[in-house]
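Residues per chain, in single letters:
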Amino acid sequence: MRHIAIVGSGPAGYYTAEAAGKQWGDDVSVDVFDTLPVPYGLIRTGVAPDHQSIKKVSLRYEKTALSENVRFVGNVHVGRDVSVAELQEFYDAVIFATGAPHDRKLGLEGEDLGNVFGSAAFVGWYNGHPQFASLDPDFSGKHAVVVGMGNVALDVARIMSKTEAELEGSDIVAHALEALKTSNLETVTILGRRGPHQIMMTPKELGELMQLDRASPYVDKSDLPPEDDDAILEPGLRKSVTLLRDFAAIPENIHGETPITIEFDFFANPKAFLGEDGKVRSVEVERTTIEKGRAVGTGETYEVPADVVITCIGYRSSPIEGVPFDERAGRFANDEGRILPGLYAVGWAKRGPTGTIGTNRPDGYGVIELVSEDIGMGSRKRGRDGFDELAAERGLDIVTFRDWQKIEEAEAAAARDGSPREKFVDIESMIAARN
């Protein structure tokens, strides 16, 4: 029997567990650990609440979670409740699928001002992550700035711009919905260091901006390159740039009819966040030009009004004591998934925050191939029996997948009309709901 510990229950973790079952059948035992009492990682706390179809991928993970040889071990913090060295005593392989839950910092003056948030924190706030439930952003001002040119920036801009009616059917948490209902925002400016041809936004997410009830997207025609230059772009990016051209063609009177304008500010590199009385009031921006695909400052600066700022510039994994970590890349130091003998990384913990949810499937299957090469038939370690003995000694309150199903039932029962669930936003409530 082979004994595998997977640290992290998001897409990378469950695809890896699925791969282990396919590889070894009944000859493997897999324990999937998570710090939270609830599974699915970014499916629950990262995917936008109005993208319910994407969240349905969790049904695939549920099938794996309910298989005989896979166990969810929630409410256990690896590195605090149990060390990595202890896990290695019990399991033939320890695979880190912890994702990248922390915001990458810009390192700019004023980044610690009030009402400046990273996207991990802000998205966690409106998705009900217990760590960020008390964030309390202030939407009483007129101007929001979103820094970044990827889909997360679009998610943030879209959620801030939607009406309460448009958020029906989503699982945005109650405290976020209440805060957004009283919003006074009139502009949401999306800042990007480079130009339209360098965006990371996909056509589907861009297209959603054309369907908002109270907001319209704006692109300055002068920021767009000659249309013939689009021919060299790969098809997905070309579709995205075509949408930006559509935004630029929206008549001015349309913007006057919508309470909120979502304005794309290209060639704009944030240099500092400027505040008053401890709270952000504007962003100092340097105009850039593109040289060999890179943004180069021109020395021309200006200010963009900002009463709330969300930076969407990437994420970092969490270092764990005893596991080599690449500080520069913000992920575990690894060679194609191998960290050290018996230690592996998969998903964002391995490659950094790139790719889609589906990218984690081949990643999970690939790391199990490595594990298979390395551990053979297994080394007759104690596996979950050894861990359970240690957990009992330490009084760890393990949340199982069956417990999670009771939590899920309670969330569904508490849902407002049209919503699939009302998430518990603190760990104590989650644990209490299983009884």
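Placed above this text is the structure.
Residues numbered from 1 in each chain as written. Predicted model: local features only at pLDDT ≥ 70, side-chain atom pairs only at ≥ 80, totals over all residues. Heavy atoms only, no water.

As a further point, take the overall build of the protein. A tally of helices and strands in the protein yields 16 helices and 19 strands. Compactness check: the protein gives a C-alpha radius of gyration of 23 Å against a globular reference of 22 Å for 435 residues, within 12% of the reference. Its C-alpha atoms give the protein principal-axis dimensions of roughly 70 × 50 × 40 Å. Taking all 435 residues of the protein together, the buried fraction comes to 55%. Taking all contacts inside the protein whose residues are at least 6 apart in sequence as the whole, residues at least 24 apart take part in 74%. Averaging the locations of the 47 positively and 70 negatively charged side chains of the protein gives two centres separated by 4 Å. (Helix = DSSP H or I, 4+ residues; strand = E, 2+ residues; numbered from the N terminus. Rg over C-alpha atoms; globule rule 2.2 N^0.38 Å. Buried < 20%, exposed > 50% of the residue type's maximum accessible area, 1.4 Å probe, protein only. Contact = heavy atoms within 4.5 Å. Lys, Arg positive; Asp, Glu negative; His and termini not counted. Charge placed at Lys NZ, Arg CZ, Asp CG, Glu CD.)

Looking now at the pairing of strand β1 (residues 2-7). Regular strands place their side chains on alternate faces of the sheet. Within β1, six of the six residues are buried, leaving the element largely enclosed by the surrounding structure. Taken together, the six bridges between β1 and strand β2 (residues 28-34) define a ladder with parallel strand orientation. When the bridges of β2 are listed, R2 appears paired with V28. Tracing the backbone out of β1, into helix α1 (residues 11-24) and back to the parallel element β2 gives a crossover that is right-handed. (Pairing = 2+ DSSP bridges. Right-handed = clockwise from strand over helix to strand, strands pointing away.)

We now examine the packing of α1 against helix α13 (residues 360-375). Packing of α1 against α13 brings their axes to within 8 Å, and their N-to-C directions diverge by 50 degrees. Regarding the angle of α1 to α13, the classification is oblique. As for how α1 packs across α13, the hand of that crossing is right-handed. Touching P11, A12, Y15, T16, E18, A19, A20, K22, Q23 and W24 of α1 are N360, R361, G364, Y365, V367, I368, V371, S372 and I375, all from α13. For the contact of α1 with α13, the per-class residue count stands at 11 nonpolar, five polar and three charged. (Axes fitted to C-alpha atoms, helices over the stretch in contact; angles between N-to-C directions. Parallel < 35°, antiparallel > 145°, perpendicular 65-115°, else oblique. Left-handed = near helix turned anticlockwise from the far one by under 90°. Nonpolar A, V, L, I, M, F, W, Y, C, P; charged D, E, K, R; others polar.)

All right, on to the sheet that holds strand β9 (residues 215-219) then. Judged by pairing direction, the sheet is parallel, and its six strands sit side by side in the order β6-β14-β7-β8-β10-β9 without closing on themselves. A strand with exactly one partner marks an edge of an open sheet, and here the two such strands are β6 (116-118) and β9. The average undirected angle you get between the axes of adjacent strands in this sheet is 20 degrees. Sheet topology places β6 next to strand β14 (residues 308-311); three bridges connect them, and they run parallel. Bridge pairing in β14 links F117 to I310.

As a volume, the second largest pocket reaches approximately 270 Å³. If you trace the second largest pocket, you find 15 residues lining it, with Y40, K55, S58, E408 and R421 closest to the centre. Elements represented by at least two residues in the lining of the second largest pocket include exactly α2 (42-45), α3 (52-55), α4 (58-65) and α15 (401-413). Of the residues forming the lining of the second largest pocket, the biggest block, three residues, is contributed by α4. Across the lining of the second largest pocket, the residue classes break down as five nonpolar, two polar and eight charged. (1 Å grid on protein atoms, 1.4 Å probe; cavity = no way out; pocket = protein on both sides within 12 Å on 5 of 7 lines; lining within 4 Å. Points joined across faces, edges and corners; volume = space filled by probe spheres on them.)

So, about the sheet that holds β2. The strand order β3-β2-β1-β4-β19-β18 describes an open sheet built from six strands, whose pairing is mixed. The open sheet has two free edges, formed respectively by β3 (70-74) and β18 (338-340), since each of these has just one partner strand. Each neighbouring strand pair of the sheet contributes to a mean axis angle of 25 degrees, computed without reference to strand direction. Pairing of β18 with strand β19 (residues 343-345), which is carried by two bridges, proceeds in the antiparallel orientation. Pairing of L340 across the sheet is with L343, part of β19.

Here the focus is the pattern of salt bridges. Note on pairing: side chains with opposite charge can pair once their charged atoms come close. Tallied over the full model, the rule gives 32 salt bridges. R71 is the salt-bridge partner of D31, the closest N and O atoms lying 2.9 Å from each other. Here R71 lies in strand β3 and D31 lies in strand β2, a separation of 40 residues in the sequence. Both residues of the pair, D31 and R71, count as buried. Of the charged contacts, one joins K162 and D50 as a salt bridge, the two residues approaching to 2.8 Å between their closest N and O atoms. In this pair, K162 sits in the loop between α7 (151-161) and α8 (174-181) while D50 sits in the loop between α2 and α3, placing the two residues 112 residues apart along the sequence. We note that K162, like D50, is buried. (Salt bridge = Lys/Arg side-chain N within 4 Å of Asp/Glu carboxyl O.)

With respect to the secondary-structure elements, A391 resides in helix α14 (residues 384-394). Distance from A391 to V76, taken between C-alpha atoms, is 9.2 Å for residues 315 residues apart in sequence. Not counting the four nearest positions on each side in its chain, A391 is found in contact with L396 and I398.

Regarding α8, the residues found buried are A176, L177, A179 and L180. Looking down the long axis of α8, one finds its buried residues gathered within 165 degrees of arc, a one-sided arrangement. Close packing links the buried residues of α8 with α6 (119-127) and α7. (Arc of directions from axis to C-beta.)

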